[in-house]
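Below are the chains, spelled out letter by letter.
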Amino acid sequence: ELLRTQQLASELIPELLAEKARPTGRPLVRYFEDDEGVVAILKDVLSTCSKMKTPLYRVYSSKNMRSYIYRKFPNFTDRRVEEGIVVKVIAIGEGGDKAPASERKWLPEEGTSISSYTIVYDNKIAQISIAKDFTPYGVVIEDEGTANMQRQLFDQLWSKI
């Protein structure tokens, strides 16, 4: 219990400080580096979605990124399923594991190398990519209007494929 409390504190304190420092009406943009940064983003997805009325997030997944996303958080899917969070995935390029509480559709990979993973959740968008030295990094934009736009685009594409 103490460990869980410490974990919650370590996640919430930076978030609260960032919220206090943010000018009203402006998006919050956070940058993350390395595998630990990817883990921080994934933990934010879980904590944010678990508070949503309908715990659902959307993902654009590229084949080149799949091996990087969960390598330091291998039990992410188990945690997501335990918390009742559903995911819809538009995968670019064949592959990807089937998982409970998930739906997946595919787009063909069209010759160009795409190394990106985008998560749209609540009022946030996370963009995870890989640097030239194969180090993952990510950016989270917290902005309701931007997230709503990306959610609408995802849902329109989802309905067409």
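Scroll up for the structure.
**Q** Break down the packing of aromatic side chains for me, with residues and values.
**A** Taken as a whole and judged by the stated rule, the model has 5 aromatic pairs. Ring geometry for Phe73 and Phe76: centres 5.5 Å apart, planes at 80°, overall edge-to-face. Taking the relative accessible area as the measure of exposure, Phe73 reaches 5% and is therefore buried. Residue class for Phe76 comes out buried when judged on its relative accessible area of 1%. An angle of 20° between the planes, with centres 5.7 Å apart, marks the rings of Phe154 and Trp158 as stacked. Placement of both Phe154 and Trp158 in helix 5 (residues 144-160) is noted, with a separation of 4 residues, approximately one turn of the helix. Each member of the pair, Phe154 together with Trp158, is buried. Grouping aromatic residues by their ring pairs yields a cluster made of Tyr60, Phe154 and Trp158.

**Q** Any chance you could break down the environment of Val39 for me, citing the residues and the numbers?
**A** Within the fold, Val39 resides in helix 2 (residues 34-50). With sequence-adjacent residues up to four places away left out, Val39 is seen in contact with Lys72 and Phe73.

Parameters at a glance
Residues numbered from 1 in each chain as written. Predicted model: local features only at pLDDT ≥ 70, side-chain atom pairs only at ≥ 80, totals over all residues. Heavy atoms only, no water. Phe/Tyr/Trp six-rings, centres within 6.5 Å; stacked < 30°, edge-to-face > 60°. Buried < 20%, exposed > 50% of the residue type's maximum accessible area, 1.4 Å probe, protein only. Helix = DSSP H or I, 4+ residues; strand = E, 2+ residues; numbered from the N terminus. Contact = heavy atoms within 4.5 Å.

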